[in-house]
Structures are given as structure tokens and as C-alpha cells.
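The chain contents come next:
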Amino acid sequence: MKISASMAASLMVLIVLAAGLAHSASAAHEKTLIKGQSETISLDYVTGDVAVADPAVCDYLVAQDRRSIYLNARGGGQTTLTIWDSEGVMRDEFSVRVVTTTLREALDRVRETVGGLSGVTVELRDGKVEIGGAIADPEDFRGIEAMSKSDPRVRSKVRITDDVLAAQARAIREAIDVPGVSVRTVRDRIALEGTVFSAADAKRAVEIARLYTPYAMDLIEVRDAGRSAGRGSLIELEFHLMEIKKEALREIAFNWAPGSFPQAGSGTTAVGGGPGLMGAMGDMGKSILGFVMNFIPKLRFIRERGDGRVLENPSIVVKSGEEAQIFSGSEVPFLRGEEVQFKKIGVDIKASPIEVEGGVDLKISATLSAPSADIRGAVDTHTVSTTAVCPLGHSVILGGIIRNTDVKMKNRTPRDLDTSSSFFTLFLSKDFQSNRSEFVIVVTPRIVRQPAPAEVALRTFLTTEEMMIKDRSKKEHAAYATEHGLSPKQEEVHERKRPRKWR
């Protein structure tokens, strides 16, 4: 079969790619041997074929169990040893370098390289060229370590000086800034230890430490709690649960999201609704979302005109990126067989704020639940969820949680309604029953300044108190001297005779 030039080129590309993948799958290793030296390579698989590029530099012998290979350095130079397993897959590739210099030559080479470094000693010991002492430069330390690993005749006992290690540990500690992680020196190494509650925090600490030194030891214990402990700014979320007339929502300067402008109500029965506390729950598409700047002055204006009222005003402080939850209501007991269970009746708000430049990225979900009018013991629920970026100084308005066209109380207490809840007065409101008002949740996020440590605050308080007492004593001393006509010298004489209140 004749193969075209384009097909041949495609086949060549595939062959090259396959060879590259096979090479990348194998592990690359380096070996340095002295001429006449032997070494054993232990393998965790059964050896198949073995090949050496230049047998004059190094030859080999496969053991009887085919799980180890004996190397024999024959002459100076460099060669490659490739090993396949019994399935024909290339598993390892060794770059073997054989040196022929004598121990004396190695000693001279090491002294020429590191002999001028302060605090470093080079001597022959136990058939090795041993480098010892303490060194101040981490770069020189890494160079000596690399030299000892590349030549089997060289052994490194050198270490970094204590002051340099201590300074390096301080720099790493300041850079990682992960609560729960401590940094200390162990011989010539930096050790990271402690307990963190996020695998991401542990990884971050180790990677930053190894930018300073590749020999940083990871001794951190991870107890993953799904969040980063101690990191992130604090955000205060203030909630206003309000009943506001729809005319006020239209007149006041609210910036409504497209498609969520509150429509005028007529008090007619909603489609699919039924009588009862909540009737049919509101549709998700009827939810309203808006923004308002400087909400507190507008709230005062709404209350003065009688266009709205605050049912509840809870607030909570949460760390950026974490979830806050506020529930207002009660739990109603009901029987299920012989077991008593409880159902929540009220409003449940969950919010997850994240600090962004100039504002807060807010994810909020509000669920309102109430006893059903149709089935005794059932609970009607309605949830509205949304996300919005709220600039600092602004508030987010969320509405449409209750469809109020079917709420008709007629001045009587609904069955199973918790009258201790603020929503009891909402459902009795004639404006709300006639669809002239809207139940809305206003969320105002604020960035909270991190509090100073308690010992700093205490020290500041004590210093201020001491100065106040000192200033007060001077005035009291001056008044005492004037009253008794004493000169400064006489005042000193009478110092011990003064009553305690003047001292």
C-alpha cells in the first residue's frame, strides 16, 4: 500500500508524541560512581529488558529475582541505563557518570571551590572528603549540598549559622501569616509545625516557606474544618425587617434591579391561592431587588410619614467568606406517631458576605414559613435567594417573600399562629391584607475595624488612668498649698503630714 507524504508526516508526529509520552512517564535518575565502584539498584517491579548506551563506561548484571540490578563503573565518562518491566513498558532511566579522579584530586577540587568561605573546613575523614563548619550564606550552603550529592567521595557536614537561621525563620513566620503555624529552627533546617484547619492554609504556608529555603520541613497537622481560621476581615450585617407601603417604595430613591419594580396591588385574590395565614406562597418571579444609599435617613422619613414600620432590627458580625444565619420565630411541636417533632415558624435568613474593592459581594437567602391553612400540621414555606454587589454606604432591599393578597385575618387570631413573633402584627395589618404594603428585608453591610488585642487595650487604659490621677494630684497639691500658704520647700516638709487624700 502506498503511503502519501502527508500521511507519512502524520505518522511521524504520532511516533514522536508516543515516544515523548513514554519518556515522560518514566522516572529520570542520576548516578555518580568512581571507576571500579559497584552499586546495586533495587526496583519495585520485575525487570524485563535492560540497555546501556556505552558499556565501556558502565556495565550491568540483572539479579536472579529480576528486582535488582548491579552496576559496575568501568571507565570515565557518562552513559544512560534504560530499564523496561516484564510488560515491555519503560519504567526507569538512569544517567550514570563515572569519575576517574583520585581522592586527593577530589580534595584539591573541593578546597579550591569552598576553601575560601569563612567558617568552612575541608579534610579527609573515613575515606571521604568531609566539608564541615558553619556558613552564613544560604546560597553557599545549597551549593555545598549539591556538590556532596553529585560526588560520592564528598560528604557535607556543614550547617547554617544560628543567627542566619533565626533571621530566616522570622522572615518566614511574617510572610506566611497563617494562624496556628509556628516556625522554628532544627539543626540546619527550618521546621513548620502546629495545627491548621484548612488544607489550603497548610499548603500555602509550606510553599511560601520553600521560597526562602527548599529544605523547609512540613510538620503541620491539618484538621480540616472547611474554612480558613483567623483570616479575613469582619463584616457587620444589619437587617431591617419592615412593612412599607408600596407608594413609598415608588416615591423614595430606590434603585430597583431590572424587572423587579414593585407593582401596585389591588387586593384581589392571587391565582391558585386559598384562605389562611399565608394562602398560596408568592412566585419567585415576583421577587423585588433594589439598592438604596444612606438608608437610615430614608427610614426616619418613612416612619415620620407613617409609610412604614420596622418589625425587627437584628444584626450580626461574620468573617468575610463565611455564612451568617438569623432566625426569628419559634418552633411548633407536632406528633409523628409517638414521637414529638418541631417545625420552624418564622423567617430564616442566611447571608454570605465577601469583601471586595469598594463594597461587599453579598449572597442572601430568606425563607419564611407559617402554618398551612389547608392541612393541619403542615407548614407553608417560601424562599427568595439572590446575589448582589453592594457598595459601601448602600443597602440591599429584598422583597416578594410573602404574597399578601390572600392574608385576611378579620381581627381574629389565626389557628396555631405564634403571637410572640413580630410577624403576628404584620399579618394583622390592614394595609398588608389589602396589598397596599410590602414586607421587605433591608440588609446594610459594613466593614468592621479589627479590634486591638486585649493586652494593648488594657495597657492603653492603665496609662490613661495613670496620667489622669497624676494631673488630678497636681491640682489637689496646688489647692492644698494655696489653702495653707505653704512655699514649695514647706510643702516638701509637710509632705509626710498630708492627709492620704492629698497624696
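In case you missed it, the structure is sitting above this.
Note that residues are indexed from 1 along each chain, following the sequence as it is written. Residue-level local features of this predicted model are given only where pLDDT is at least 70; pairs of side-chain atoms are given and counted only at 80 or more, and the full residue set underlies all totals for whole chains, interfaces and linings. Excluded from the side-chain calculation are hydrogens and water; included are all heavy atoms of the structure.

A.B. asks: Mind showing me how you'd approach the sheet that holds strand 14 (residues 217-222) here?
C.D. replies: Strand-to-strand pairing in sheets goes through backbone hydrogen bonds, with the strands running parallel or antiparallel. Strands were regarded as paired on the criterion that DSSP finds at least two bridges between them. Only DSSP runs of H or I with at least four residues qualify as helices, and only runs of E with at least two residues qualify as strands; both kinds are numbered from the N terminus onward. Within the open sheet, the three strands sit side by side as 12-13-14. Their pairing is mixed. Each edge of the sheet is formed by a strand with only one pairing partner; in this case those strands are strand 12 (181-186) and strand 14. The sheet shows a mean angle of 15° between the axes of neighbouring strands, taken without regard to direction. Here six bridges tie strand 12 to strand 13 (residues 189-196), and the two strands are oriented antiparallel to one another. By the bridge assignment, threonine 185 is partnered in strand 13 with isoleucine 190. Packed on one face of the sheet, helix 4 (residues 162-176) meets strand 12 and strand 13 and runs near 165° to strand 12. Note on geometry: axes are C-alpha line fits, over the in-contact stretch for helices, and angles between N-to-C directions span 0 to 180 degrees. By definition, residues are in contact when any of their heavy atoms lie within 4.5 Å.

A.B. asks: Got a minute to help me understand unusual backbone geometry in this structure?
C.D. replies: Excluding glycine, residues mostly carry a negative phi; peptide bonds, for their part, are mostly trans. Located in the positive-phi region is arginine 66, a residue other than glycine, with phi close to 60°. Tracing the backbone through its elements, the reader meets arginine 66 in the loop between strand 4 (58-62) and strand 5 (68-73). Residue classification places arginine 66 among the partly exposed positions, given a relative accessible area of 33%. Positive phi outside glycine occurs at aspartate 177, with the angle close to 50°. Tracing the chain through its elements places aspartate 177 in the loop between helix 4 and strand 12. Relative accessibility thresholds used throughout: buried, under 20% of the residue-type maximum; exposed, over 50%; partly exposed, between the two (1.4 Å probe, protein chains only).

A.B. asks: Help me understand the nonpolar core, please; the structure alone is not making it clear to me.
C.D. replies: Most often, soluble globular proteins have nonpolar side chains that are buried together. Residues belong to one nonpolar core when they are buried, are Ala, Val, Leu, Ile, Met, Phe, Trp, Tyr or Cys, and are joined through side-chain atoms within 4.5 Å. Counting 33 residues, the largest nonpolar core has Val110, Val114, Ile131, Ile176, Leu192 and Ile220 as the members making the most contacts within it. Within the residue set of this core, elements represented by two or more residues are helix 2 (103-114), strand 8 (120-125), strand 9 (128-135), helix 3 (138-150), helix 4, strand 12, strand 13 and helix 5 (199-212). Dropping the residues within four chain positions of it, isoleucine 220 is found in contact with Val181, Leu192, Glu193, Gly194, Val196, Ala202, Ala205 and Val206. Leu237, Val318, Ala324 and Ile364 belong to the second-largest nonpolar core, a separate cluster that totals 27 residues.

A.B. asks: How should I be thinking about the pattern of salt bridges in this particular structure?
C.D. replies: Close approach of charged atoms allows side chains of opposite charge to pair. Salt bridges are defined as contacts in which a side-chain nitrogen from Lys or Arg sits within 4 Å of a carboxyl oxygen from Asp or Glu. All told, the structure shown has 14 salt bridges when counted by the stated rule. The salt bridge involving glutamate 39 is made with lysine 31; its shortest N-O contact spans 2.6 Å. A relative accessible area of 23% places glutamate 39 in the partly exposed class. For glutamate 236, the salt bridge identified is with arginine 446, shortest N-O distance 3.9 Å. Taken as a pair, glutamate 236 in strand 15 (residues 234-245) and arginine 446 in strand 25 (residues 437-448) lie far apart in primary sequence, 210 residues in all.

A.B. asks: Mind showing me how you'd approach a nonpolar patch on the surface here?
C.D. replies: Here the term patch refers to residues with relative accessible area over 30% and no salt bridge, with like charges joined within 9 Å and nonpolar side chains (Val, Leu, Ile, Met, Phe, Trp, Tyr) within 5 Å. A 1.4 Å probe and the Shrake-Rupley method give the accessible areas. Residues count as covered only by the protein chains that appear here. On the surface, Leu335, Val340 and Phe342 cluster together into a nonpolar patch covering about 330 Å² of accessible area. Look at valine 340 and you get partly exposed, because its relative accessible area is 47%.

A.B. asks: Just checking my understanding: could you explain the environment of valine 122 for this structure?
C.D. replies: Checked against the element boundaries, valine 122 lands in strand 8. For valine 122, a relative accessible area of 14% corresponds to the buried category. Sequence separation of valine 122 and arginine 155 is 33 residues, and the distance between their C-alpha atoms is 9.9 Å. When sequence neighbours within four positions are dropped, the list of residues in contact with valine 122 reads Leu107, Val110, Arg111, Val114, Val129 and Glu130.

A.B. asks: Sorry, what's going on with the sheet that holds strand 2 (residues 38-42) here?
C.D. replies: Spatially, three strands are ordered 2-5-4 in an open sheet, and the strand pairing comes out antiparallel. The open sheet has two edge strands with one neighbour each: strand 2 and strand 4. Neighbouring strand axes in the sheet, compared pairwise and without regard to direction, differ in orientation by 25° on average. Where strand 2 lies against strand 5, five bridges are found, and the strand directions are antiparallel. Looking at the pairing, serine 42 lines up with serine 68 of strand 5.

A.B. asks: How should I be thinking about the side chain of aspartate 92 in this particular structure?
C.D. replies: With respect to the helices, strands and loops of the structure, aspartate 92 is situated in strand 7 (residues 90-99). Look at aspartate 92: it is buried, it has no salt bridge, and the nearest opposite charge is arginine 91 at 5.8 Å. A 3.5 Å cut-off defines polar contacts: any pair of N or O atoms within that distance qualifies, except that in protein one atom must be a possible hydrogen donor and the other a possible acceptor, and neighbouring residues in sequence count only when both atoms are side-chain atoms. Here tyrosine 45 takes part through its side chain, which lies 2.5 Å from a polar atom of the side chain of aspartate 92. Lys and Arg are tallied as positive, Asp and Glu as negative. Neither His nor the chain termini are counted.

Just distances and angles here, no functional claims.
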